[in-house]
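# Survey of secondary and tertiary structure
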Amino acid sequence: MSGIVSYPDLILMQLPDNGELRHPIETIRESGMKASANVQDLLTLARRGIPTGEIVNLNKLIVEYLSSPEFIKMKSFHHQVSVHSELDDSLMNISGSPVHLSKTIMNLVSNAAESMPDGGTIRITTYNRYLYYKLTAYDHMQEGNYPVFSVSDE
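Just so we're clear, the structure is a prediction, and the values are computed from it rather than from any experiment.

## Description of helix α5 (residues 98–114)
The end-to-end C-alpha distance of α5 is 24 Å, a good match for the 24 Å that 17 residues give at a rise of 1.5 Å each. Buried residues of α5: Val-99, Ile-105, Val-109, Ser-110, Ala-112 and Ala-113, and no others.

In structure tokens:
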């Protein structure tokens, strides 16, 4: 793994800022970093450890996914599907695993695309919502502000 993560940085240091190879090498570096995070995640599960939560901005993860090679590949299979995002600039952060959340975003968007074989629109939205009462079905959902993430197909 270290070669996939480290060598692109060494190559990028020698490339001009506007070189035609810069973008493909940056894509290799980003893919290597994602693969490394996935390996760490699998090791955590194999050791029966608890994954550490980080402060995460869902908007950032959504924007990263929408510019990722995975999204571009999904779009090539579902070219009649358009994706629109409405992301709240003031969205509150959450605590979680960026790897798991990124996979969740990818799976929800892919599932929405697959549910529309004749085309349509996938709408991704984020916003803050105030919960005025404790939800009885959830132990830790107290009254307060929460970020909301939604993926819908139209």
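## Things to note about the pattern of salt bridges
In the structure shown here, the tally under the stated rule is 5 salt bridges. For the salt bridge of Glu-26 with Arg-22, the shortest nitrogen-to-oxygen distance reads 3.6 Å. Within this pair, Glu-26 and its partner Arg-22 are both found in helix α2 (residues 22–46), separated by 4 residues, close to a single helical turn. Overall, the relative accessible area of 24% leaves Glu-26 in the partly exposed class. A residue is classified by how much of its surface remains accessible, and Arg-22, at 14% relative accessible area, is buried. A network of salt bridges, in which partner residues are shared, links Asp-17, Arg-22 and Glu-26.

## Some remarks on the packing of helix α4 (residues 69–77) against α5
It is at 11 Å that the axes of α4 and α5 come closest, and there the two elements cross at 5°. In terms of orientation, α4 lies roughly parallel with respect to α5. When α4 is examined against α5, the residues Glu-70, Phe-71 and Met-74 are found in contact with a partner set consisting of Met-106, Val-109, Ser-110 and Ala-113. Looking at the contact of α4 with α5, its residues break down into 5 nonpolar, 1 polar and 1 charged.

## Some details on the side chain of Ser-110
Here Ser-110 shows up in helix α5. Dropping the residues within four chain positions of it, Ser-110 is found in contact with Tyr-65 and Met-74.

Conventions we followed
Residues numbered from 1 in each chain as written. Predicted model: local features only at pLDDT ≥ 70, side-chain atom pairs only at ≥ 80, totals over all residues. Heavy atoms only, no water. Helix = DSSP H or I, 4+ residues; strand = E, 2+ residues; numbered from the N terminus. Expected span 1.5 Å × (residues − 1). Buried < 20%, exposed > 50% of the residue type's maximum accessible area, 1.4 Å probe, protein only. Salt bridge = Lys/Arg side-chain N within 4 Å of Asp/Glu carboxyl O. Axes fitted to C-alpha atoms, helices over the stretch in contact; angles between N-to-C directions. Parallel < 35°, antiparallel > 145°, perpendicular 65-115°, else oblique. Contact = heavy atoms within 4.5 Å. Nonpolar A, V, L, I, M, F, W, Y, C, P; charged D, E, K, R; others polar.

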